[in-house]
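Structural features, examined
Okay, here's what each chain looks like letter by letter:
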Amino acid sequence: TIFSTHWLMAWMGLEINTLAVIPMMTYPNNMRNTESAIKYFLMQATASMIIMFAIIYNSWMTNQWTLFQVSDNLAITLMTLALAMKLGLAPFHFWVPEVTQGIPLMSGMILLTWQKIAPTSIMFQISPSMNMNILITLAILSTMLGGWGGLNQTHLRKILAYSSIAHMGWMTIIVMINPSLTILNLIIYIITTLTTFLSLNFTSMTKINMLSNTWNKSTSITIILLLTLLSLGGLPPLTGFMPKWLIIQELATTNNITIATLLALSALLNLFFYMRLIYVSTLTIFPSNNSSKFQWFHQPTK
Amino acid sequence: MNNLINSTLLMSIMLLTLPIMLNLIYPYKTDKFPQYCKNMIKMSFLTSLAPMLMFMYQGLESTVTNWQWFSIASMPINMSFKLDYFSIIFIPIALYVTWSILEFSMWYMHSDPNIHRFFKYLIMFLFTMIILVSANNLIQLFIGWEGVGIMSFLLIGWWYGRTDANTAALQAVLYNRIGDIGFILSMAWLMINNNSWDLQHIFMTDMNTLALMGLIIAATGKSAQFGLHPWLPSAMEGPTPVSALLHSSTMVVAGIFLLIRFYPMTKNNPTILTMAMCLGAITTLFTAICAITQNDIKKIVAFSTSSQLGLMMVTIGLNQPHLAFLHICTHAFFKAMLFMCSGSIIHSLNDEQDIRKMGGLLPILPITTSALTVGSLALMGTPFLAGFYSKDSIIEAMNTSYVNSWALLMTMVATSLTAMYSMRIIYFALLNQPRFLPLSPLNENHPNLINPILRLAIGSIFAGYILTMNMPPMYITPTTMPMSTKLSALIVTIMGLLLALELNALTNKLPLKNVIHTHNFSNMLGYFTHLFHRSYPMANLHLGQHIATMLIDLNWFEKTGPKGQANLHSHLSSSITSLQKGMIKTYFLSFIISIIMVMLII
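Residues numbered from 1 in each chain as written. Chains lettered and ligands numbered in written order. Predicted model: local features only at pLDDT ≥ 70, side-chain atom pairs only at ≥ 80, totals over all residues. Heavy atoms only, no water.

1. What to know about the pairing of strand 2 (residues 75-83) of chain B
Residue and element names in this part refer to chain B. Burial of strand 2 is extensive: 7 of the 9 residues sit out of reach of the surface. Sheet topology places strand 1 (residues 62-72) next to strand 2; 9 bridges connect them, and they run antiparallel. Bridging from a neighbouring strand, Val 64 pairs with Phe 81 of strand 2. The antiparallel hairpin formed by strand 1 and strand 2 contains 2 residues in its connecting segment, where Ala 73 sits at a positive phi of about 45 degrees. (Buried < 20%, exposed > 50% of the residue type's maximum accessible area, 1.4 Å probe, protein only. Helix = DSSP H or I, 4+ residues; strand = E, 2+ residues; numbered from the N terminus. Pairing = 2+ DSSP bridges.)

Pasting the structure below:
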């Protein structure tokens, strides 16, 4: 998908991607995984369908299949909305928390990271002809919903789902102004999310109160989680701050200060629930009885 | 002649200070101190008759400037006395009345251990009052003004063990103070614009409405016009001689006197004239209404004073300051006498002040009774008694000039109400059967009681004639008017009398009716005191408390800060997460609606 210039090839790539990921999601083969997989499939299929419609409409109108020349207004709007569905931007975000919650941690990781690359690359390539109004609406809604939705969660996978919604919002806002920043944000987001997921997987934690035992099981994970979560939140001097800073700078120089302010304030909400995770795992030690101490000596039984 | 008038008047003023100095020089207690005071005042009165006769004979006025006290940046403050038409006539009258009152209080306060101090207070009061009326510059007038205020405070609170007396004294001082704000406003304006507080300088130039307003506010405070009037009925907590001297003849006329002094200024300013007239009309009507249902004999007389003060203010508003002055002089006589008669009644009935517990005193206290009747008739303006010359002239002048007909109507109604409440006193206190206990020490045998009352009775009867015939005419009397207008005051008064007779006779002949609200309004002073002393400050304090705690503390500091934010965000997040119910159909539906909306817009 990344390298194609013909629309049909791009669409084929998206479809193969979807179809391949579905079995990965249903690996332990219980009801919950299946349900999430079906939800995911339905969403992605609808989105691909709309993309196909946009592609054909565009070729009907402009008689060409080049990836980066989508000239027709209707086509570009439909394309944007469908890509938003694929990425999980608001108001198409409803599937992200449920799907992420239902599947095991590793699959969730792939869902949130690898699956974002393909639609983002398409967005990157059609970015010059996109409609800024739609993008602004999508982005602001995403950051806000991602922020407020994440406040009420106790399951870690849902928290990471809402964080992905919010970060997608940050990425879409800048795609028309300076698309390379989108890619930068994506890369840094992928790195930090991978780190988070892998460290959570190492200690197989899925809830917040499970986090409270991290200092006991493996203290290095504690520190890693601390730094990673703070970076996701976008605190300087950690790396996560860089994309946010550059995005805000780009927005300010193009005189979009209100949007920049709204995005920054919504990022505060994100930071709050990261801080909550850090509070549970690193900053405080939850009460535990003496028999469960020194767990880092032993191998985890799995 | 010049020397004579100056020296005699200053002598009479100086004689007043002697009793007080006697106490400083000769500290041995003597029983005869009240006697000394009374004799001194008698001397002072006789001495002050000389300037008055000279003035009447020759029209001689003078201004005495003695001594430079200090100077404020090119404005010298002198001690100077202005002996003109007003002060020369007022001083003998004030001294005459005070002489009678001092003699009366020798009988009234006989059993009081602090009688010496009482007399000193009275003399100091008189001294400051005379400073007030003879002042040639405003600072001296202000010294007198404040002096009478302070002495009023000390004298009203004479029986300081009684809470009501203390409250009343404080009330008097506070209301006077509010009036003083107006006075100081005028003084400041004059200092800025005229650079002088001397009356001679001021009368050369004009004063604008603001400065004259200040004088009206001062008069409202000192002379208990409507708005600053509650202190006068409360001041009846003091002993009867105090009420007789201060709050009938001398102190309360100080405000009116100030306005009379400034008559060259007010006669050119129709706004001030109208304001004075309307204020006076409201005052006279309101207090007369309040007087007709009071049950305390001293309060009825106090309201009567207040009503007459309103009448004087109306006269000033008519641009007739000389008539107002005449009314001040005649009013002093019969009002002081009324107070003294009520004092005689009160003391005789063993300190009973409620008229519902008096009655049938006509055969028992003949001199008091006849004096009371004469005084009431003079108050009502019976032809050819003292009050007639001033009051009737005022009403005639009012009826024949281009004035506010509302003020006119109010004054006429108040005149009939005057007759009503006077009749009320006479009926309840003097007529019918006694309603007091059988064993009361009723007598009026003491010469200290009888002589003053008789003296003032003679004054009440003849003073009007004497003053009118001998004072140089300064105003134009209306010479022709229709018969009905000429008789209007008389008709209104007689109607009031008959009505009062009838109504009062109803009280013990017909069955009792239910209490109607008008009676409550009149009895409780129109609820003025309740509103302004209690409700209004309570509302203010509540407002302050609410602003401090609810508005600032609770709202601005808490809700817009931390608590509001926490509430907002938790509410939003819970509503957003509760949208996710897990039903794909709903999700798809929302997606389709979003897509359609975007399609429609783009």
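2. Re the interface of chain A and chain B
Listed as interface residues are 28 residues of chain A and, on the opposing side, 20 residues of chain B. Here chain A packs against chain B, burying approximately 2,100 Å² in sum over the two surfaces, 79% of which is carbon and sulfur. Looking only at chain A, the three residues that lose the most surface to chain B are Met43(A), Phe94(A) and Trp148(A), adding up to 29% of its buried area. There are 0 salt bridges connecting chain A and chain B. Scanning the region where chain A abuts chain B turns up 3 residue pairs in polar contact (both at pLDDT 80 or more). (Contact = heavy atoms within 4.5 Å. Buried area = accessible area lost by both parts, 1.4 Å probe. Salt bridge = Lys/Arg side-chain N within 4 Å of Asp/Glu carboxyl O. Polar contact = N/O pair within 3.5 Å; in protein donor to acceptor, adjacent residues only side chain to side chain.)

3. Details of the side chain of Arg455(B)
Note that Arg455(B) resides in helix 19 (residues 447-470). Not counting residues up to four positions away in its chain, the partners in contact with Arg455(B) are Tyr96(B), Trp99(B), Ser100(B) and Glu103(B).

4. A few points about helix 4 (residues 115-133) of chain B
Counted at 1.5 Å a residue, the expected span for helix 4 of chain B with its 19 residues is 27 Å, and the 27 Å between its end C-alpha atoms agrees. The buried fraction of helix 4 of chain B amounts to 16 of the 19 residues, a majority that puts the element mostly inside the structure. (Expected span 1.5 Å × (residues − 1).)

5. Description of the packing of aromatic side chains
All names here are of chain B. Considering all chains together, one arrives at 34 aromatic pairs over all chains under this definition. Where Tyr 96 meets Trp 99, the ring centres are 6.1 Å apart and the plane angle is 75 degrees; that geometry is what we call edge-to-face. With Tyr 96 and Trp 99 both in helix 3 (residues 85-108) and 3 residues apart, this pair spans about one turn of that helix. For the residue pair Tyr 96 and Trp 99, the accessibility class agrees, reading buried in each case. Seen in terms of ring centroids, Phe 226 and Phe 286 are 5.0 Å apart; in terms of plane orientation they differ by 75 degrees. Their pairing is edge-to-face. Here Phe 226 is found in the loop between helix 8 (209-222) and helix 9 (231-234), whereas its partner Phe 286 is found in helix 13 (residues 270-291), with 60 residues between them in sequence. Classification of Phe 226 as partly exposed rests on a relative accessible area of 27%. For Phe 286, a relative accessible area of 11% gives the class buried. Within the aromatic cluster, the residues linked to one another by ring pairs are Phe 55, Tyr 85, Phe 86, Phe 90, Phe 257, Tyr 263 and Phe 325. A cation sits over an aromatic face here: Lys 120 above Phe 33, 5.7 Å from the ring centre. (Phe/Tyr/Trp six-rings, centres within 6.5 Å; stacked < 30°, edge-to-face > 60°. Lys NZ or Arg CZ within 6 Å of the ring centre and 35° of its normal.)

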